[in-house]
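Structure at a glance
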Amino acid sequence: RLIENVIGTIPIPIGVATNFKVNNRDVLIPMATEEPSVVAAASHAAKYTYESGGFKASYSGSYMRAQVQLTELKNPYFAMAKLYEKKRDILELCNQQDPTLVSLGGGATDIEMHVIGGEHEKVLVAHLIVNTLDAMGANAVNTMAEACAPFLEELTGGKVVLRILSNLADKRIVRASAIFEDPFNGDKDILKRFKYGYDLATKDPYRAATHNKGIMNGITSVVLATGNDTRAIEAGAHAYAAKNGHYQSLTKFEVSGNGDIYGMIELPLAVGLVGGATQSHPVAKAVTKILKVRNAEELAGVIASVGLAQNFAAIRALATDGIQKGHMKLHARNLAAMAGAKEHQIDQVIERATNEGKFTFDSIKKIVEKLNKKGVRENGR
Ligand code: MEV
């Protein structure tokens, strides 16, 4: 029932991240991802924060923006003034579209105007600011944008083209912070390497893209497991990462004199607990139960915390052994299957690879081949 022309489903494993305490609450975090080592890395990183109080998260509220683009205006600034004059009427018209949202305390609360110089002409973009409470809110705000468009045309004499939400949900910001207690056992050299690793993502977009990808490994996994819109979250996060005019890290790390690392993450998270697949998908419902989150604010806090932990884990690995050692070990089961190992042989292959200390595809393939040859000899086949 979720999409069209369905021929099947593609199951993605859900692993549970442990050691997380978010806003003083212990929480088990289901993560849906096909990538080995993501769940283990997040869990390991969270361990360093647990004794110092875990993660603390704050939320700006569930404010979404919808854009209504007004074209063919003779005087865009004059039109802008007109719309501000009629703000009350515009908001009322928006709120008539969603009495349930309004009755629960949400609804359109404000408007904002942007005059944008396009290639053809200056257009006026009216932003409707809507509190969508515990819903992601796309349907609510898109309905409002479409409903009020004719009224905005009437007020300004312009012609509306686009009427759609913005995924740059910069009024739906979550911040999470944590102290990673002495993660390098006082090793000043590794601490220095960690700083170098982090610093590059604040200045170099090539590194920042990978750094933020690592953050999204954690974030997208929880977003997917809860049936939320992964693409909306990715788009919002990356657009927000470029808000200062150049693309940079979504996290900040500060190093204290005693070896502790203070971390913080800030990004838009338009996630909900009602509407869309969040309620209609049985797995998403079960995941929400495991998370024990009561509202969008708590869910966003948990997701941001995972993002911060994931990023800490990645920089830590990069500053020390590199990521391949841990990653390939966890990826080895996959490689064994790819090399033709049968389900009952996989544990044996991993044991041998561990003894050899080699986890490349070639070395695993050799182990599988040896096992198969041995099997043929022993079975006389
Ligand atoms: C791999 O999926 C993610 C990392 O590349 C992130 C990073 O480099 O920070 C390890």
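Everything numeric in this text was worked out from a predicted model, so none of it was measured.

Scanning the protein chain for helices and strands turns up 14 helices and 10 strands. Principal-axis analysis of the C-alpha atoms gives the protein chain an extent of 85 × 55 × 45 Å. By sequence separation, contacts in the protein chain at least 24 residues apart represent 73% of the contacts at least 6 residues apart. Accessible surface for the protein chain amounts to roughly 19,800 Å². Of this, 53% is attributable to carbon and sulfur atoms. Averaged over its 45 positive side-chain charges, the protein chain has a centre that lies 6 Å from the centre of its 40 negative ones.

With that out of the way, let us pick up the side chain of His211. Relative to the helices and strands, His211 resides in helix H7 (residues 205-225). A polar contact of 2.9 Å, which involves the side chain of His211, links it to the side chain of Thr251. Apart from the residues lying within four places of it in its own chain, the contact partners of His211 are Tyr198, Ala201, Ser249, Thr251, Asn311 and Ile315.

Next up on the list: the nonpolar core. Within the largest apolar cluster, 95 residues are counted, with the highest numbers of intra-cluster contacts made by Phe20, Ile29, Leu128, Phe180 and Ile219. If you tally residues by element for this core, the top one is helix H11 (residues 296-319), at 13 residues. Once you skip the residues sitting within four places of it in the chain, Leu128 turns out to touch Met64, Arg65, Ala66, Val68, Ile90, Cys94, Asp110, Ile111, Met144, Ala145 and Cys148. Counting residues in hydrophobic clusters, the runner-up holds 15 residues, among them Leu335, Val349, Ile367 and Leu371.

What follows deals with a nonpolar patch on the surface. Residues Leu2, Ile3 and Val6 make up a contiguous nonpolar surface patch of about 310 Å² in total accessible area. Inspection of the secondary structure assignment puts Ile3 in the segment before strand S1 (14-22).

As a further point, take the packing of aromatic side chains. A full pass over the atoms with the stated rule returns 10 aromatic pairs. With centroids separated by 6.3 Å and ring planes inclined at 80 degrees, the aromatic side chains of Phe55 and Phe180 adopt a geometry described as edge-to-face. Highlighted residues: Phe55 in the loop between helix H1 (38-50) and strand S3 (56-59) and Phe180 in strand S8 (residues 173-180), separated in sequence by 125 residues. Exposure remark for Phe55: the relative accessible area of 0% places this residue in the buried category.

As a structural note, the neighbourhood of the ligand is formed by Glu35, Arg207, Thr210, His211, Lys213, Gly214, Asn217, Ala314, Leu318 and Ile323. Side-chain polar atom of Glu35 to an oxygen atom of the ligand: 2.6 Å apart, as the coordinates give it. Take Lys213: an N or O atom from its side chain is 2.7 Å from an oxygen atom of the ligand. In isolation the ligand has 300 Å² of accessible area, and contact with the protein removes 84% of it. Secondary-structure elements contributing two or more residues to the shell around the ligand are H7 and H11. Ranked by residues supplied to the shell around the ligand, first place goes to H7 with 6 residues. Tallied by class, residues from the shell around the ligand come to 3 nonpolar, 4 polar and 3 charged.

This brings us to the packing of helix H6 (residues 188-203) against H7. The angle between the axes and the distance between the axes are what describe a pair of packed helices. Across the interface, H6 lies against H7 with an axial gap of 6 Å and an inter-helix angle of 110 degrees. If you check the angle between H6 and H7, you find them roughly perpendicular. Considering the relative orientation of H6 and H7, their crossing is left-handed. Across the interface between the two elements, Gly197, Tyr198, Leu200, Ala201 and Lys203 from H6 touch Pro205, Arg207, Ala208 and His211 from H7.

With that settled, the discussion passes to the side chain of Thr33. By secondary structure assignment, the location of Thr33 is in the loop between strand S2 (25-32) and H1. Within the structure, the side chain of Thr33 is placed 3.0 Å from the backbone nitrogen of Glu35, a separation counted as a polar contact. In this view, Thr33 contacts Ile12, Pro13, Val38, Val39 and Ser221; residues no more than four positions away in its chain are not counted.

Interaxial distance between helix H3 (residues 87-96) and helix H5 (residues 138-156) falls to 8 Å at its minimum, and their mutual angle equals 150 degrees. The angle between H3 and H5 places the two elements in the roughly antiparallel class. Once H3 is placed against H5, the crossing between them reads as right-handed. Every residue of H5 that contacts H3 at Asp89, Ile90, Leu93, Cys94 and Asn95 is listed here: Met144, Ala147, Cys148, Phe151, Leu152 and Leu155.

The periodicity of an α-helix, 3.6 residues per turn, causes residues three or four positions apart to be oriented the same way. Relative to the 22 Å expected for 16 residues at 1.5 Å per residue, H6 spans 23 Å between its end C-alpha atoms, a close match to the ideal helical length. Every buried residue belonging to H6 is among Leu191, Phe194, Tyr198, Ala201 and Thr202, and all of these are buried. When H6 is viewed along its axis, its buried side chains cluster within an angular range of 105 degrees and face the same direction. Facing away from the buried side of H6 by more than 90 degrees, the exposed set consists of Tyr196 and Lys203. Looking at where H6 begins, the residue whose side-chain oxygen comes 3.0 Å from the main-chain nitrogen of Asp189 is Asp187.

Okay, helix H12 (residues 324-338) next. Between its first and last C-alpha atoms H12 spans 18 Å; for 15 residues at 1.5 Å apiece the expected length is 21 Å, and the helix comes up short by more than 12%. Along H12, the positions that sit buried rather than exposed are His327, Met328, His331, Ala332, Leu335 and Ala336. Downstream of H12 by a residue or two, Gly340 has a phi angle that is positive, lying close to 100 degrees.

Ordered in space as S3-S8-S10-S9, the 4 strands form an open sheet in which the pairing is antiparallel. Both edges of this open sheet fall to S3 and strand S9 (251-255), since each of them pairs with a single strand only. Strand-to-strand twist across the sheet, computed as the mean angle between neighbouring axes with direction ignored, equals 15 degrees. As defined by bridge partners, S9 adjoins strand S10 (residues 261-268) across 5 bridges and the pair is classed as antiparallel. Counted as the bridge partner of Thr251 is Ile265 from S10. The sheet strands contacting H6 are S9 and S10, and the helix crosses S9 at an angle near 155 degrees.

Criteria and cut-off values
Residues numbered from 1 in each chain as written. Predicted model: local features only at pLDDT ≥ 70, side-chain atom pairs only at ≥ 80, totals over all residues. Heavy atoms only, no water. Helix = DSSP H or I, 4+ residues; strand = E, 2+ residues; numbered from the N terminus. Contact = heavy atoms within 4.5 Å. Areas by Shrake-Rupley, 256 points an atom, 1.4 Å probe, with all protein chains shown as cover. Lys, Arg positive; Asp, Glu negative; His and termini not counted. Charge placed at Lys NZ, Arg CZ, Asp CG, Glu CD. Polar contact = N/O pair within 3.5 Å; in protein donor to acceptor, adjacent residues only side chain to side chain. Core = buried A, V, L, I, M, F, W, Y, C linked by side-chain atoms within 4.5 Å. Buried < 20%, exposed > 50% of the residue type's maximum accessible area, 1.4 Å probe, protein only. Patch = residues over 30% accessible without salt bridge, like charges linked within 9 Å, V, L, I, M, F, W, Y side chains within 5 Å. Salt bridge = Lys/Arg side-chain N within 4 Å of Asp/Glu carboxyl O. Phe/Tyr/Trp six-rings, centres within 6.5 Å; stacked < 30°, edge-to-face > 60°. Near = heavy atom within 4 Å. Nonpolar A, V, L, I, M, F, W, Y, C, P; charged D, E, K, R; others polar. Axes fitted to C-alpha atoms, helices over the stretch in contact; angles between N-to-C directions. Parallel < 35°, antiparallel > 145°, perpendicular 65-115°, else oblique. Left-handed = near helix turned anticlockwise from the far one by under 90°. Expected span 1.5 Å × (residues − 1). Arc of directions from axis to C-beta. Pairing = 2+ DSSP bridges.

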